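Overview (structure and organization)
Single-letter residue listing:
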Amino acid sequence: MATPVLDKADAAGEPEPGFADSPYITVTMRVRRFNSEVSAEAVWEDFQLEIDPKERVLDALHKIKWDIDGTLTFRRSCAHGICGSDAMRINGKNRLACKTLIKDINPEKPITVEPIKGLTVLKDLVVDMDPFFQAYRDVMPFLITKDTNEPTRERFQTAEDRERFDDTTKCILCAACTSSCPVFWNDGQYFGPAAIVNAHRFIFDSRDEAGEQRLEILNDRDGVWRCRTTFNCTDACPRGIEVTKAIQEVKRALITRRF
């Protein structure tokens, strides 16, 4: 078998056609830093790095943490928009860092990254999620039936019944919706959109038998009536859930007791 012969251009190290220009660009990541052990005040810190514009903000944060400043602190897990760990404010909007491409957020200007609002900042981009998850637990986000015996077969449901609450099953508990809500910013006692969405998912589930109980929980002064229908939550949801619509359906169910 003949030995492959390199083209002279290749042997000389010349780039192949189409690869003459580097795909990398220089971007400035402006990150809001906070460390209570250093200062009581948060500060903005700029980082310049070379990155492919088709990479994600999460990739940029990784480059900063791994190559520039290992003290940068943020949450992330699956990196594919499923776990909901890396919700943060990017250029003033709540987004998932793992789903936001550099090229889509005007990289010619500094890209601002800061923690989501309404929750206590622990360090850098990490916030205390305990109040958020407590509100989630309070609406009992699990199937409840009056039959205490273990079922002997699956609980059947028609496709039409399943479709009734299909949209709200998509929630990944990232808190992007709740932390975009002005009411939640001003009063952390409000249940928030995410908790109401997850209550909706079971209130309208034909197999569940605790809808009335959940409605009474959300009828509280810190419940569903605090919503001002600003649509911030719907705009912020990375899963495309019609959050405001779900909240209105819960309000309607409270009035009519039909669900």
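Chains are numbered independently. Their residues run from 1 in the order of the written sequence. Totals for whole chains, interfaces and linings use every residue, but because this is a predicted model, local features are given only for residues with pLDDT of at least 70 and side-chain atom pairs only at 80 or more, for both listing and counting. Note that water and hydrogens are dropped before the side-chain values are worked out from all heavy atoms of the structure.

1. Examining the overall build of the protein chain
Where we set the bar: Elements are defined by DSSP. Helices are runs of H or I of four residues or more, strands are runs of E of two residues or more, and each kind is numbered from the N terminus. Restricting the calculation to C-alpha atoms gives the radius of gyration, and the globule rule supplies 2.2 Å times the number of residues raised to the power 0.38. The buried label goes to any residue with under 20% of its type's maximum accessible area, the exposed label to any with over 50%, and the partly exposed label to all in between, with areas taken from a 1.4 Å probe on protein chains only. Working rule for contacts: check all heavy atoms of both residues, and any pair within 4.5 Å makes them a contact. Shrake-Rupley sampling with a 1.4 Å probe provides the accessible areas, and residues are treated as covered by the protein chains on show and by no other component. Within this scheme the basic residues Lys and Arg register as positive and the acidic residues Asp and Glu register as negative, but His and the chain ends are omitted. Charge placement uses NZ in Lys and CZ in Arg. For Asp and Glu, CG and CD serve respectively.
In terms of helices and strands, the protein chain carries 9 helices and 7 strands. The globule rule puts the C-alpha radius of gyration for 259 residues at 18 Å, and the 24 Å found for the protein chain is more than 25% above it. Over its C-alpha atoms, taken along the principal directions, the protein chain stretches across nearly 80 × 60 × 30 Å. Per-residue burial for the protein chain yields a buried fraction of 42% across its 259 residues. By sequence separation, contacts in the protein chain at least 24 residues apart represent 62% of the contacts at least 6 residues apart. Looking at the protein chain as shown, the accessible area adds up to about 14,900 Å², and 49% of this sits on carbon and sulfur atoms. Across the protein chain, the 37 positively charged side chains and the 42 negatively charged ones have centroids separated by 5 Å.

2. Some remarks on the side chain of S179
Just so we agree on the cut-off: As used in this structure description, the phrase polar contact means that two N or O atoms lie within 3.5 Å; if the pair is within protein, one of them must be able to donate a hydrogen and the other to accept it, and residues adjacent in sequence are counted only when both atoms belong to side chains.
Its place among the elements puts S179 in the loop between α4 (159–163) and α5 (182–186). At 2.9 Å, the side chain of S179 and the side chain of N94 are in polar contact. Looking at S179, its side chain comes within polar contact range of the main-chain oxygen of A175, at 2.6 Å. In contact with S179, not counting residues within four places along its chain, are N94, I116, K117 and W185.

3. Concerning the pattern of salt bridges
Heads up, the condition is: For this analysis, a salt bridge means a side-chain nitrogen from Lys or Arg found within 4 Å of a carboxyl oxygen belonging to Asp or Glu.
Summed over the entire model, instances satisfying the criterion amount to 17 salt bridges. Notably, a salt bridge pairs D52 with K54, separated by 3.4 Å at the nearest N-O pair. Given the relative accessible area of 14%, D52 is considered buried. Accessibility expressed as a relative area gives 55% for K54, which makes it exposed. The network of salt bridges with common partners includes R33, E45, D69 and D124.

4. Things to note about helix α9 (residues 243–256)
Using the following cut-off: Each helix should span, by expectation, one fewer than its residue count multiplied by 1.5 Å.
Its 14 residues place the ends of α9 20 Å apart at the C-alpha level, agreeing with the 20 Å of an ideal helix rising 1.5 Å per residue. Among all positions in α9, only V243, T244, A246, I247, E249, V250, K251, A253 and L254 are buried. Buried positions along α9 lie against α6 (193–203), α7 (211–218) and α8 (232–236). Directly after α9, the chain includes R257, whose backbone phi takes a positive value near 60°.

5. Some points on helix α2 (residues 57–68)
For α2, which comprises 12 residues, the first-to-last C-alpha distance of 15 Å matches the rise-based estimate of 16 Å (1.5 Å per residue) to within 8%. Those residues of α2 that sit buried are V57, L58, D59, A60, L61, H62 and I64.

6. Examining the state of the cysteines
Rules: Criterion for a disulfide: a pair of cysteine sulfur atoms within 2.5 Å.
Taken as a whole and judged by the stated rule, the model has 0 disulfides. C227 takes part in no disulfide bond, and the closest cysteine sulfur, belonging to C233, lies 6.2 Å away. Assessed through its relative accessible area of 10%, C227 is described here as buried.

7. Thoughts on the sheet that holds strand β1 (residues 25–33)
For the record, the criterion: What makes two strands pair is DSSP finding at least two bridges between them. In this description, a line fitted to the C-alpha atoms serves as the axis of each element, helices being fitted only across the stretch in contact, and the angle between N-to-C directions of two axes falls anywhere from 0 to 180 degrees.
As summarised here, the arrangement of the 5 strands in space is β2-β1-β5-β3-β4, forming an open sheet in which the pairing is mixed. Because the sheet does not close on itself, it has two edges, and the strands there are β2 (43–51) and β4 (93–96). The average undirected angle you get between the axes of adjacent strands in this sheet is 35°.

8. Quick notes on the confidence of the model for the protein chain
Rule in force here: Scored between 0 and 100, pLDDT is the confidence that the predictor attaches to each residue.
Counting all residues, the mean pLDDT for the protein chain is 91, and 92% of those residues have values of 70 or more. Across residues 1–20, confidence stays below pLDDT 50; counting only partners more than four residues off in sequence or on other chains, it has 4 contacts.

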